[in-house]
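For reference, the chains in residue letters:
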Amino acid sequence: PRSDCIAAQQLCLSDSTCNATYRILENCALAKTRFLPLDHDSRVRCLNAELDLGNSSLLHCKCHRRMKRQEHCLRVFWTVHSSMTDGYFNLETSPYENPANEERWKTDYNKLAALLSGKDCSQLAGDATNPCLKATHVCNLSKKCVRLRTDYASICTKGAGSEDMCDRRKCHRGLRNFFEKVPEDFTKRILFCPCQDELCGERRRKTIVPDCSFQYNTKPNCLWLLDSCLEDHICKSRLADFQQNCQPADMSPDGCSQHNHAACLQAYMGMIGTPMTPNYISNSSLEVSLWCTCESSGNQKEKCDQILGMFESNKCL
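Please read these numbers as outputs of a predicted model, since none were measured by experiment.

(A) Local environment of the packing of aromatic side chains. Evaluation of the coordinates by the stated rule reveals seven aromatic pairs. Seen from their ring centres, Phe-214 and Trp-291 are 5.6 Å apart, and the 65° between their planes marks the pair as edge-to-face. Of this pair, Phe-214 sits in the loop between helix H11 (210-213) and helix H12 (222-230) while Trp-291 is found in the loop between strand S2 (288-290) and helix H15 (301-312), placing the two residues 77 residues apart along the sequence. Connected via pairs of aromatic rings, a cluster forms that spans Tyr-152, Phe-178 and Phe-179. Seen from the ring of Tyr-216, Arg-168 lies directly overhead, with NZ or CZ sitting 3.9 Å from the centre. A cation over a ring is seen here: Arg-204 above Tyr-280, with NZ or CZ 4.8 Å from the ring centre.

This is the structure in structure tokens:
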């Protein structure tokens, strides 16, 4: 079985040859993170170090979305695979274990929903016509769901709308906590609830408190958003996961190269709480987008359009 990257790193550092190779790769990854140009000899040394790992467990290690010390694990992965981020922004492989291999959490969503429908409360009158409201009410019956939802909501609404007051970094961390630690039965129903009217759509669009987590006063260029993402181990990893699992395929009947919509939706949720947080574009639409523009992109307009198109015109998503 694949080892996780933290265990693989510990194994490597205990071996003098592997340790020396890993230290070279650390310097290569550091140079890339700081956008320092590498001369020809340095690039060759970096590539050779990656090849020297051969069949080392480091080369095949993965991380888990819900693991402790996730950032450490991802840092190890990108140290070993730093050559993947050369040039074009397509990241070749996800650092995350295949969702099918991860532990599925047993949830009591249906039990709580049944409990809810048995209650005769006037506050639940809107449930039948507003699935987003119902999903929220069910979340409120789960201690973990309501605690983590309240946590991010209180952080993200503090000073939301005025950029000086809203702590976007804390808001993003709270959102990631919610989507990582609460079982998907709850998070998916809150984020992807099917709406028939704008009242429901407004609730769905505001799930992630967009005034803080999504919108800036002015739309930045999408290339700037991408650069911010690639500098952050979690965002870069979530983007690689999204690109792998939501890769569109024109010739495929379902529009997906991986034919796995559940994995794509999970990867989409993983982007929330990163510098490239997506959201619904309006109360009456299922379309999603990033908060960025491709105006003034110069000769990089095509690349910028591709970044935006991953969300706006992705048939798989």
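That was the structure; now back to the text.
(B) Quick peek at the environment of Leu-51. Of note, Leu-51 is situated in helix H3 (residues 40-52). A residue is classified by how much of its surface remains accessible, and Leu-51, at 63% relative accessible area, is exposed. Linking Leu-51 and Val-80, residues 29 residues apart in sequence, is a C-alpha distance of 9.9 Å.

(C) Fine view of the state of the cysteines. This structure, assessed with the given rule, holds 14 disulfides. Each sulfur in the disulfide pair Cys-222 and Cys-292 lies 2.0 Å from the other. Sign of the S-S torsion, about 90° for the bond between Cys-222 and Cys-292, identifies this disulfide as right-handed. Of this pair, Cys-222 sits in helix H12 while Cys-292 is found in the loop between S2 and H15, placing the two residues 70 residues apart along the sequence. Take Cys-222 and Cys-292: they sit in the same class, and that class is buried.

(D) Representation of the nonpolar core within the structure. Among the nonpolar cores identified, the biggest contains 52 residues, and Phe-178, Phe-179, Phe-242, Met-276, Leu-290, Ile-307 and Phe-311 are the most heavily contacted of them. Ignoring sequence-local partners within four residues, the contact set of Phe-179 consists of Arg-66, Thr-187, Leu-191, Ile-208, Met-269 and Ile-272. Cys-5, Cys-12, Phe-77 and Ile-234 belong to the second-largest nonpolar core, a separate cluster that totals 22 residues.

(E) Quick look at the packing of H12 against H15. It is at 9 Å that the axes of H12 and H15 come closest, and there the two elements cross at 70°. The pairing of H12 with H15 is recorded here as roughly perpendicular in orientation. In this structure, H12 meets H15 at a crossing whose hand is left-handed. Counted together, Cys-222, Leu-223 and Leu-226 of H12 and Lys-303, Cys-304, Ile-307 and Leu-308 of H15 form the full contact between these two elements.

(F) Quick look at the side chain of Ser-94. Summarising the element assignment, Ser-94 is placed in the loop between helix H4 (70-80) and helix H5 (109-117). What Ser-94 contacts, discounting residues up to four positions off in sequence, is Lys-62, Phe-77, Ala-240, Asp-241 and Gln-244.

How each quantity is defined
Residues numbered from 1 in each chain as written. Predicted model: local features only at pLDDT ≥ 70, side-chain atom pairs only at ≥ 80, totals over all residues. Heavy atoms only, no water. Phe/Tyr/Trp six-rings, centres within 6.5 Å; stacked < 30°, edge-to-face > 60°. Helix = DSSP H or I, 4+ residues; strand = E, 2+ residues; numbered from the N terminus. Lys NZ or Arg CZ within 6 Å of the ring centre and 35° of its normal. Buried < 20%, exposed > 50% of the residue type's maximum accessible area, 1.4 Å probe, protein only. Disulfide = S-S within 2.5 Å. Core = buried A, V, L, I, M, F, W, Y, C linked by side-chain atoms within 4.5 Å. Contact = heavy atoms within 4.5 Å. Axes fitted to C-alpha atoms, helices over the stretch in contact; angles between N-to-C directions. Parallel < 35°, antiparallel > 145°, perpendicular 65-115°, else oblique. Left-handed = near helix turned anticlockwise from the far one by under 90°.

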